[in-house]
Amino acid sequence: MKNLYEIKNDIVEIASHLAQMGWSEANAGNISVLLSREMSFEESDNPKSYTLLELVKELAGRTILVTASGSRFRRMKRDIDTQIVPITISQYGTTATWPAEYPNPTSEIATHILVHSLSPEANWNESAIVHTHSTKMLALSSCDMPGEMLKEAVNRAHPEITTLMKKGLAFLDFAPPGTWELGTKTKNEFIRANSVIWRKHGILGYANDIEMACDYVEMVEKAAEILILEKGAFGSFLGLKNKELTSLQQLIQSTNVF
Ligand SMILES: [Zn+2]
């Protein structure tokens, strides 16, 4: 099992990568890791707190490391000791608290808490969420096509979506950021998705491993890039035809190699 320093270092590495890719301008993007039960923090004296709008009993007593509000991914390496906030859910799942010397957690804290609350039921002792403002998916998801049509196009755009994202992806229509409501909708989508796209905003990946959560973001962004290139070069989305998609699905079912 990784220690706290290694987990914080993982967050730094992913943050730096996202910044280098140009997907986390200014203070955009947020990352969190639900620590294993064995690593939960005690509540500190005089902590700062955030009141949960509904009980989150699934995470009672658990700690999440989350990037701070206003943190800049491009300099997260230098800010490792100050911009990764340990928030602990109270015993009854009513509040999240963190030591007073830390800044506030990301404004998307509701989404992070609510999505991680799916992890115990999935038998994940740890989990990670990566959210970033990747450029091509931001552009693609801004079109007027219904989410289901976009999802179909993304599924066909890149074989890796079918082979490596077993639960696939979901599109959520634009909603104001940083709300409990957005967190609830996102959680509901993650019950059956590996990645959720907030239209006209960005991508989220959720997995029991931070590298995998970032993989999901990368794969979805690559698919968006392919679709935009195809549309520009050929006038329409291309991607896998029915026969090709079926043969790929049959291969996955028969070989279990992916
Ligand atoms: Zn965002």
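Residues numbered from 1 in each chain as written. Predicted model: local features only at pLDDT ≥ 70, side-chain atom pairs only at ≥ 80, totals over all residues.

Considerations on the overall build of the chain
Phase 1 of the analysis: A count of helical and extended segments in the chain gives eight helices and nine strands.
Phase 2 of the analysis: Compactness check: the chain gives a C-alpha radius of gyration of 19 Å against a globular reference of 18 Å for 258 residues, within 12% of the reference.
Phase 3 of the analysis: Summarising its shape, the C-alpha atoms of the chain cover approximately 60 × 40 × 30 Å along the three principal directions.
Phase 4 of the analysis: Within the span of the chain, comprising 258 residues, buried residues form 41% of the whole.
Phase 5 of the analysis: The long-range fraction of contacts in the chain, counting pairs at least 24 apart against all pairs at least 6 apart in sequence, stands at 74%. (Helix = DSSP H or I, 4+ residues; strand = E, 2+ residues; numbered from the N terminus. Rg over C-alpha atoms; globule rule 2.2 N^0.38 Å. Buried ≥ 20, exposed ≤ 12 C-beta atoms within 10 Å, placed from the backbone. Contact = placed C-beta atoms within 7 Å.)

With respect to the pairing of strand 6 (residues 127-132)
Phase 1 of the analysis: Among the six residues that make up strand 6, six are buried, leaving the element largely enclosed by the rest of the structure.
Phase 2 of the analysis: Burial along strand 6 is two-sided: Ser127, Ile129 and His131 facing one way and Ala128, Val130 and Thr132 facing the other are all buried.
Phase 3 of the analysis: Note: strand 1 (residues 30-34) against strand 6, five bridges, orientation antiparallel. From the neighbouring strand, Asn30 faces strand 6, where its bridge partner is His131.
Phase 4 of the analysis: Here five bridges tie strand 6 to strand 9 (residues 202-207), and the two strands are oriented antiparallel to one another. For Val130, the partnering residue across the bridge sits in strand 9 and is Gly205. (Pairing = 2+ DSSP bridges.)

Focus on helix 2 (residues 109-116)
Phase 1 of the analysis: When you tally the buried positions in helix 2, you get eight out of eight residues, the bulk of the element.
Phase 2 of the analysis: Here helix 2 has its buried residues at Ile109, Ala110, Thr111, His112, Ile113, Leu114, Val115 and His116.

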